[in-house]
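# A structural walkthrough
Spelled out from the first residue to the last, the chains are:
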Amino acid sequence: MDMENEKIDIAEIAALGIHHEKLQTDFYRVANGLLRHQVMDKSSLMAHLEMVLKHPELYAEKRENKFKNLAKRVMELRKQGVLTSEGGNYYALREEKIPFAVFGAEQIEAGAYAQMETAARLPIALAGALMPDAHQGYGLPIGGVLATDPGTVIPYAVGVDIACRMCMSIFDLPASVADSEKAKLEKILMDHTHFGMGATTKVHLDTSLFDRKEWTEVKTVKALKDKAYAQLGTSGTGNHFVEWGELTVEENAFPGLSAGRYLALLSHSGSRGFGGNIAHIYSTIAMKKSVLPKEARHLSWLDLDSEEGQEYWIAMNLAGDYASANHHEIHHKIARALGQKPLQRIENHHNFAWKEQLPDGREAIVHRKGATPAGAGVIGIIPGSMSTPGFVVRGKGNRESLHSAAHGAGRVMSRSAAFKNLEKRQVDEELSRKGVTVIGSGLDEAPMVYKDIHAVMDAQSDLVEILARFQPRIVRMADPREKPED
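Now for a quick tour of the structure. Predicted model only: the values in this text are computed from it and were never measured.

## Points about the pairing of strand E12 (residues 351–357)
Both E12 and strand E13 (residues 363–369) contribute to a ladder of seven bridges, which runs antiparallel. Along E13, the bridge assignment pairs Ala 353 with His 367. Hairpin connection of E12 to E13: five residues between the antiparallel strands, including Gly 361 at a positive phi of 95°.

Right, here's the structure in full:
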């Protein structure tokens, strides 16, 4: 084709990695002017444009070249933080936010609303929902659900504790064992659970997960393998726990499980230091690759067709399997010490991203940060607090919630506010009234810092069906002096 008839379109400019609209226009104008005047052919021109973006200093320093002004513009935007030398690009937020469903609006603080509205203005946002336990976090609020373009994933919309998970073992023992054998159950928790940011254990029952090839495929994952191995079978700090409780099962709730009151073990923890490090590494990369306005900087994403995006996706999914194996290790050790095999085990995680299809048929990446998967027939666990009940639920597949539900009661009081406003005496009286023994923990995890779980459950009656009720009786958490990492 004659150069005079060649043209470069905006899509080709964007494909170079330029998403700043004004810069796209500048590149488009210069490129097509040079083609129109037959200064160089299209392939040579595209190569120069790519180099201008990656190494603008090479062109800005030359006296005579056609790309000098473009190069200076790129360097100027870098100084402003709009573009980065690491190949990042600036993205403006949409003027109009995508609509998102809200459940239990009266339960949700203003900060969580504001964060969800910012997320709904991302150029990659497709759909969203806010759960009744929602409260303010980093980037996406905890209790927020966000669907994005199928080629994108937001590390901070997954969360720092990747694949934070609930797991319950139901035993063929009456709930009264929580009282009649209280000392024995306390000792089992003390002997077979390990809490804290640096907690490790040398006794492992099943390490087959570490035979997976993913541990050697990604450099960042490989570097964390030893840490993950040492922490297998341990729990985190903050709101993470392992507890005995009474499970009241409704008639015909579970196949093979009669109605009644059972002794059950419930745990809440995630992917430990492995997941935390992965979250930090790739959220930092994302903030350099997709630069957003200050209020949205923690919502930066990775392209899944990029090397970093592929690495994060592999690491995130491995963290999910690791979190599950971690819970299984704890439950197997405790069941062995109890001398019982569980009748059933139920589990789900809630800080994750899934490839799913939206109700309108579009493919998407659905981020659930502190939200429980609640597709039709999907079983999950929604805990309350150390003195209030949690619930085993079955999802109803609500389209507006993007097949999601709350992941707990949700905080109504910050940790700092708890230390300022609560007294140990108040907490002790509440626990005594409910017949609950707590090992570890502090005022920042007191029952009073959480929303009314019954109000939260009422607000999501269209999202889940309650199958069973779990009342905590003997709770173990991290030492209160430990820094919270939930």
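This is not the end of the story, as more comes after the structure.
## Considering the environment of Met 413
Topologically, Met 413 is positioned in the loop between strand E17 (404–406) and helix H14 (415–421). Separated by 305 residues in the primary sequence, Met 413 and Ile 108 have C-alpha atoms spaced 12 Å apart. Leaving out residues up to four positions away in the same chain, Met 413 has contacts with Ala 418, Leu 422, Met 448 and Val 449.

## Some remarks on the pattern of salt bridges
What the rule picks out here adds up to 24 salt bridges. We note a salt bridge from Glu 76 to Arg 73, for which the minimum N-O separation is 3.3 Å. Residue Glu 76 and its partner Arg 73 are located together in helix H5 (residues 68–79), separated by three residues, close to a single helical turn. Arg 368 serves as the salt-bridge partner of Glu 356, at 2.8 Å between the closest nitrogen and oxygen. Placement of the pair is Glu 356 in strand E12 and Arg 368 in strand E13, with a sequence separation of twelve residues. Relative accessible area serves as the criterion here: at 22%, Glu 356 is assigned to the partly exposed category. In this structure, a network of salt bridges that share partners links the residues Asp 179, Glu 246, Arg 261 and Arg 473.

## A word on unusual backbone geometry
The bulk of non-glycine residues show a negative phi, and the bulk of peptide bonds are trans. A positive phi angle is found at Leu 402, which is not glycine, with a value near 55°. One non-glycine residue, His 403, lies in positive phi territory at about 60°. If you trace the backbone, His 403 turns up in the loop between strand E16 (390–395) and E17.

## So, the packing of helix H9 (residues 182–192) against helix H13 (residues 307–338)
Two elements in contact, H9 and H13, have axes whose closest approach is 10 Å; the angle formed by their N-to-C orientations is 140°. Taken together, the axes of H9 and H13 are oblique relative to one another. Regarding H9 and H13, the two cross each other, and that crossing is right-handed. In this structure, H9 contributes Lys 184, Leu 185, Ile 188, Leu 189 and His 192 to the contact, and H13 contributes Lys 333, Ile 334, Ala 337 and Leu 338. Looking at the contact of H9 with H13 residue by residue, the classes come out as six nonpolar, one polar and two charged.

## As for the sheet that holds strand E4 (residues 142–148)
If you trace the five strands from one edge of the open sheet to the other, you get E2-E3-E4-E13-E12, paired in mixed fashion. Two strands close off the open sheet at either side, each with one partner strand: strand E2 (100–102) and E12. Along the sheet, successive strands turn relative to each other by an average axial angle of 15°, direction set aside. Alignment of strand E3 (residues 125–135) against E4, held across six bridges, turns out to be antiparallel. By the bridge assignment, Gly 128 is partnered in E4 with Leu 146. Those strands touched by helix H6 (residues 110–119) are E2, E3 and E4, and its axis lies near 170° from that of E3. Each of E12 and E13 is contacted by H13, which is oriented at about 110° to E12, the strand it contacts most.

## Describing the environment of Arg 121
For Arg 121, the location among the structural elements is in the loop between H6 and E3. Sequence-wise, Arg 121 and Ala 92 are 29 residues apart; in three dimensions their C-alpha atoms are separated by 9.0 Å. For Arg 121, the residues in contact, after removing those within four places along its chain, are Leu 93, Arg 94, Glu 95, Glu 96 and Lys 97.

## A few points about the packing of aromatic side chains
One pass over the full model with this rule turns up eleven aromatic pairs. Here Trp 215 and Phe 274 contribute two aromatic rings whose centre-to-centre distance is 5.1 Å and whose plane-to-plane angle is 40°, an arrangement assigned as tilted. Placement of Trp 215 in helix H10 (residues 214–217) and of Phe 274 in helix H12 (residues 272–289) is noted, with a sequence separation of 59 residues between them. Pair check on accessibility: Trp 215 and Phe 274 agree, each one buried. Ring centres of Phe 352 and Trp 354 lie 5.2 Å apart, and the angle between their planes is 65°; this geometry places the pair in the edge-to-face category. For Phe 352, a relative accessible area of 5% gives the class buried. An aromatic cluster of at least three residues, connected via ring pairs, comprises Phe 210, Trp 215, Tyr 229, Phe 274 and Tyr 322.

## A short note on the nonpolar core
Counting 55 residues, the largest nonpolar core has Met 168, Leu 247 and Phe 254 as the members making the most contacts within it. Among the elements that line this core, the one with the most residues is strand E19 (residues 464–476), at five residues. When sequence neighbours within four positions are dropped, the list of residues in contact with Phe 254 reads Val 249, Gln 344, Ile 346, Val 392, Leu 467 and Ala 468. Ile 162, Ala 286, Ala 315 and Ile 365 belong to the second largest nonpolar core, which has 32 residues in total.

Conventions used here
Residues numbered from 1 in each chain as written. Predicted model: local features only at pLDDT ≥ 70, side-chain atom pairs only at ≥ 80, totals over all residues. Heavy atoms only, no water. Pairing = 2+ DSSP bridges. Helix = DSSP H or I, 4+ residues; strand = E, 2+ residues; numbered from the N terminus. Contact = heavy atoms within 4.5 Å. Salt bridge = Lys/Arg side-chain N within 4 Å of Asp/Glu carboxyl O. Buried < 20%, exposed > 50% of the residue type's maximum accessible area, 1.4 Å probe, protein only. Axes fitted to C-alpha atoms, helices over the stretch in contact; angles between N-to-C directions. Parallel < 35°, antiparallel > 145°, perpendicular 65-115°, else oblique. Left-handed = near helix turned anticlockwise from the far one by under 90°. Nonpolar A, V, L, I, M, F, W, Y, C, P; charged D, E, K, R; others polar. Phe/Tyr/Trp six-rings, centres within 6.5 Å; stacked < 30°, edge-to-face > 60°. Core = buried A, V, L, I, M, F, W, Y, C linked by side-chain atoms within 4.5 Å.

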